[in-house]
Amino acid sequence: MTRIPTTRIIVTALLLTIGIFIAWSLLGPWPTVILTLLSGLGWLIGLTRIRGAAQHASTGARPHSLMGYYATYVALWTGLPSFLFLLAWVFLQGPVIEQLLIASLPAASAGDLTPSQISLLISEIRNVAAGRIFSEPEPYVLEAAERYGRWVAISGQMKLAAIAAVALLGLSLSASRITMAFRARQGVERIVNVLLLVSSTLAILTTIGIVASLAFEAFRFFERVPVTEFLFGLSWEPQIAIREDQVASAGAFGAVPVFAGTILISGIAILFATLIGLPSAIYLSEFAGERQRNIIKPILEVLSGVPTIVYGFFAVLVISPAIRTFFGGTLGLETSPQSALAAGLVMGVMIVPFVSSLSDDAISAVPQAMRDGSIALGATRAETMLQVLLPAALPGIVGGMLLAVSRAIGETMIVVMAAGIIASLTINPLDSVTTVTVQIVTLLIGDTEFDNPKTLSAFGLGLFLFIFTLGLNVIALQIVQRYREQYE
Amino acid sequence: MLDRVKEKMDDRKKVQMDHPTGRVETSAGTKIQSRKVNMWYDQTQALFDVSLDIPDRTVTALIGPSGCGKSTFLRALNRMNDTIPGTRLTGQIVLDGVDIYKGDLDPVQLRAQVGMVFQKPNPFPKSIYDNIAYGPRIHGLATSKSVLDGIVETSLQKAGLWDEVKDRLTEPGTGLSGGQQQRLVIARAIAVSPEVILMDEPASALDPIATGRIEELIHELRENYCIVIVTHSMQQAARVSQRTAFFHLGKLIEVGDTADIFTNPKEQKTQDYISGRFG
């Protein structure tokens, strides 16, 4: 008997726990217990069958795969199909019972009620069935609630029977395939393949779902406000009249000032972060000794752990007054209390760690042979840095900068506190500007309903923010790709 | 074309070598002379009292089993070990009558005089042209584009690579084959007009045909340069070198004409090593 490595035991236990946890949270306790027990049974049967086959075979003959693969194969075929079947059951159970319920109600099925009245009725029935009775319900509701409770109970029992049946079917089919020549190793491999594929598909589907919900709401907004006005309009005043007779403008939804503000602030931030972050990365990776590096690097990385609201305080209490004093007082320029410069600078401090630590990694990743080659030609360390290492590390550095930019664009708290909410179209960094994220926050705060252009415009902004960052990432990848080809 | 470059480099060398502190007399024909060189990596001693004369316009091979200190000694000759923290050296290494570890000698300038080729070809991620032009540019050797073009062409010709790459000078140097890359970095070293070229197992990552080309090249370069080569292959040492030095455990065991070392070694250890009994 060979000793099984500890890591393998831990990994197996971890996978089993995760599997049981997922099943429990999706399906509830009883189905999980049944599935686990039946899978365990399948494991044992698989093992027993291949052992028996091996005993009856001629001496010296060995099964194609290791014994454990046969056991795992049967266990997987017992557990997985019934799990999927059950998942489908759980998702379909609600709608199916609802349809049955509607069909059994004369008032609802006759078409006298609107869809929203029907859903109101259904939730009342559900509440009554669950024992949450607020006023004396009508007799037909009570009757329906009783029917509903009965159906749910039947469904629950049938569910248990059904999974047991599917699991046993999987068990017997897979167990019957087990012979000495059966390639259980490849069989398990295929199942693992499918599981991995399902995982990545789920990740993609989630992304698609997020984009779709955003796009759907944005589409509703663009039904009310033309896309061209949104994209090219120079005025952003989303306040619209709540009552018909109120004195207010109809609202203007030109997003250019908002996006211009975002770009201005992010631009200041990335400029500042690069000015500070890149040289410190160069110092840390090539010039600093072991001791300096061990002190400076952790301190720099603390910056990324500071909550953004604290950065906001810093911007409002320290940077903004300082900028006002310097530009307003010393230079005599006109400054507004909230300025793009203050927000951009503080945001720049926030993303310094991104730029410096990713650039540091990129520079350190350049092969030592490049340094040696340059030094051996009689180049100084600074010449080596500028002419060999930086060009070679550029893809990584650009990648770090773009990551930092997308972080800056998505940042909200600092800008809310330091930059203001008035959308003015300007490139003067001392003016007050606003950003996309700030606008989304202000549009969605308070008593709002998702049926007027004001609130819906948040989704329009969100969609274009998404497209914007997506475009940035695509460009970043292109740049990285081009330089990488040159490097290899 | 390289003559003019040579003049420029010579001027700098004069400044470099003119300081009085480190002057040492060496015998005629000796390019590099080492006396009682000891060297440490932190606490570990890597070289013990190595005294070796390296003649000009000759190929000197350093052989010995792994970890014997031959690469360490090679890297001491252009002070590449300076870049590794924790290294320490005592003794004397004299290049053209000047102790390179003494006084205010500038190691950066020294490395332009003593070029180096590494085990794995290490072209920069730049075009073939820029790889060669890198050294001349940082040393300000070319006054115009045409001079630089000339340096690049001559260097590539000397390295026997010109005919293969002359139509694609703008393509990345990293796109060449391993053997071509190694000749590219030799050309790169030649471009700054060094007097000594150090080679650290220059052919160990190459196939036999590319190795043959490199060995031919070493043979040609001997006319104009002092060459020191570290190699694991005794056949290679026998083929390319005129002098051979055998290192073992950080000590120089024996040095002599290559033919003598391989046919008639004086030391038992050398005999054992070249007959393949250890190493």
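This text follows the structure it describes.
What counts as what
- Residues numbered from 1 in each chain as written.
- Chains lettered and ligands numbered in written order.
- Predicted model: local features only at pLDDT ≥ 70, side-chain atom pairs only at ≥ 80, totals over all residues.
- Heavy atoms only, no water.
- Helix = DSSP H or I, 4+ residues; strand = E, 2+ residues; numbered from the N terminus.
- Buried < 20%, exposed > 50% of the residue type's maximum accessible area, 1.4 Å probe, protein only.
- Contact = heavy atoms within 4.5 Å.
- Expected span 1.5 Å × (residues − 1).
- Bend = angle between axes of the 7 residues up to and from the residue.
- Pairing = 2+ DSSP bridges.
- Buried area = accessible area lost by both parts, 1.4 Å probe.
- Salt bridge = Lys/Arg side-chain N within 4 Å of Asp/Glu carboxyl O.
- Polar contact = N/O pair within 3.5 Å; in protein donor to acceptor, adjacent residues only side chain to side chain.
- Patch = residues over 30% accessible without salt bridge, like charges linked within 9 Å, V, L, I, M, F, W, Y side chains within 5 Å.
- Areas by Shrake-Rupley, 256 points an atom, 1.4 Å probe, with all protein chains shown as cover.
- Phe/Tyr/Trp six-rings, centres within 6.5 Å; stacked < 30°, edge-to-face > 60°.
- Lys NZ or Arg CZ within 6 Å of the ring centre and 35° of its normal.
- Core = buried A, V, L, I, M, F, W, Y, C linked by side-chain atoms within 4.5 Å.

Caption draft 1: Structural context of the side chain of Arg79(B). All names here are of chain B. In this fold, Arg-79 is placed in the loop between helix 2 (70-76) and strand 4 (87-95). By relative accessible area, Arg-79 is classed as buried at 14%. When sequence neighbours within four positions are dropped, the list of residues in contact with Arg-79 reads Ile-100, Tyr-101, Leu-105, Pro-107, Leu-110 and Arg-111.

Caption draft 2: A look at helix 14 (residues 381-410) of chain A. Spanning 30 residues, helix 14 of chain A covers only 38 Å between terminal C-alpha atoms, well under the ideal 44 Å at 1.5 Å per step. The sharpest bend along helix 14 of chain A measures roughly 60° and falls at Leu394(A), with the proline Pro395(A) sitting one to four residues further on.

Caption draft 3: Examining the pairing of strand 1 (residues 30-41) of chain B more closely. All names here are of chain B. Within strand 1, nine of the 12 residues are buried, leaving the element largely enclosed by the surrounding structure. Hairpin connection between strand 1 and strand 2 (residues 44-55): a loop of two residues separates the two successive antiparallel strands, and Asp-42 in this loop has a positive phi of roughly 50°. Pairing of strand 1 with strand 4, which is carried by eight bridges, proceeds in the antiparallel orientation. When the sheet's bridge partners are listed, Arg-35 is paired in strand 4 with Gln-92.

Caption draft 4: Just the interface of chain A and chain B, in detail. Chain A puts 20 residues into the contact, and the matching count from chain B is 24 residues. Summed over both sides, the interface of chain A with chain B buries roughly 1800 Å², with 64% coming from carbon and sulfur. For the pair chain A and chain B, the interface holds zero salt bridges. Inspection of the region where chain A meets chain B yields four residue pairs in polar contact (both at pLDDT 80 or more). Within the residue set of the side of chain A that touches chain B, elements represented by two or more residues are helix 13 (368-376), helix 14 and helix 17 (453-487) of chain A. Per-element tally for the side of chain A that touches chain B: the top contributor is helix 13 of chain A, with seven residues.

Caption draft 5: Structural view of a nonpolar patch on the surface. Residue and element names in this part refer to chain A. Residues Ile-309, Val-310, Phe-313, Phe-314, Val-316, Leu-317, Val-318 and Met-413 make up a contiguous nonpolar surface patch of roughly 660 Å² in combined accessible area. Among the elements that make up the nonpolar patch, the one with the highest residue count is helix 11 (residues 308-330) (seven residues). Residue placement: Met-413 occurs in helix 15 (residues 413-418). For Met-413, a relative accessible area of 31% translates into the label partly exposed.

Caption draft 6: The packing of aromatic side chains, seen in detail. Taken as a whole, this structure holds 16 aromatic pairs over all chains when the rule is applied. With a centroid separation of 6.3 Å and 70° between ring planes, the pair formed by Phe259(A) and Phe468(A) is classed as edge-to-face. Of this pair, Phe259(A) sits in helix 9 (residues 256-287) while Phe468(A) sits in helix 17, placing them 209 residues apart in sequence. Grouped by ring-pair contacts, the aromatic residues Phe221(A), Phe222(A), Phe230(A), Trp236(A), Phe253(A) and Phe464(A) constitute a single cluster. One cation-aromatic arrangement involves Arg79(B) over Tyr101(B); the distance from NZ or CZ to the ring centre is 4.9 Å. For Arg188(B), the ring lying beneath its charged end belongs to Phe124(B), and the centroid distance is 4.0 Å.

Caption draft 7: Representation of helix 9 of chain A. The end-to-end C-alpha distance of helix 9 of chain A, which contains 32 residues, comes to 44 Å, matching closely the 46 Å that a straight helix rising 1.5 Å per residue would cover. Its axis deflected by about 30° at Thr274(A), helix 9 of chain A carries its strongest bend there.

Caption draft 8: Structural view of the side chain of Gln236(B). Looking at where Gln236(B) falls in the secondary structure, it is placed in helix 9 (residues 234-240). Sequence-distant contacts of Gln236(B), defined by excluding residues within four places in its chain, comprise Ala203(B), Thr211(B), Glu215(B), Ile229(B), Thr231(B) and Ser241(B).

Caption draft 9: Summary view of the nonpolar core. Residue and element names in this part refer to chain A. Membership of the largest hydrophobic core comes to 60 residues, with the highest contact counts inside it found for Phe-230, Trp-236, Ile-265, Ile-351 and Leu-461. Going through the elements one at a time, helix 7 (184-224), helix 9, helix 11, helix 12 (340-364), helix 14, helix 15, helix 16 (436-444) and helix 17 are the ones with two or more residues in this core. Considering each element in turn, this core owes the most residues, 11 residues, to helix 12. Dropping the residues within four chain positions of it, Ile-351 is found in contact with Ala-269, Ile-270, Ala-273, Ala-404, Arg-407 and Ala-408.

Caption draft 10: Quick peek at the pairing of strand 6 (residues 114-117) of chain B. All names here are of chain B. Both faces of strand 6 are covered, namely the face carrying Val-114 and Met-116 and the face carrying Gly-115 and Val-117. Bridge count between strand 6 and strand 7 (residues 196-200): four bridges; the pairing is parallel. Among the inter-strand pairings, Met-116 is bridged to a residue of strand 7, identified as Leu-198.

Caption draft 11: Broad picture of the environment of Asn131(B). All names here are of chain B. Its location among the elements puts Asn-131 in helix 4 (residues 128-138). In this structure Asn-131 comes out as buried when scored by relative accessible area, which is 0%. As for Asn-131 and Leu-184, which are separated by 53 residues in sequence, their C-alpha atoms are 8.0 Å apart. A distance of 3.3 Å separates a polar side-chain atom of Asn-131 from the backbone oxygen of Lys-126. At 3.4 Å, the side chain of Asn-131 and the side chain of Arg-188 are in polar contact.

Caption draft 12: Quick look at the pattern of salt bridges. Counted according to the given criterion, the structure contains 20 salt bridges over all chains. Close ionic contact of Arg293(A) with Asp360(A) constitutes a salt bridge, the shortest N to O distance being 3.7 Å. Of this pair, Arg293(A) sits in helix 10 (residues 290-302) while Asp360(A) is found in helix 12, placing the two residues 67 residues apart along the sequence. Owing to a relative accessible area of 24%, Arg293(A) belongs among the partly exposed residues under this scheme. The exposure class assigned to Asp360(A) is buried, which follows from its relative accessible area of 1%. The residue Lys145(B) makes a salt bridge to Asp149(B) at a minimum N-O spacing of 2.9 Å. With Lys145(B) and Asp149(B) both in helix 5 (residues 145-158) and four residues apart, the pair spans about one turn of that helix. Linked through salt bridges whose partners overlap, the residues forming this network are Arg293(A), Lys297(A) and Asp360(A).

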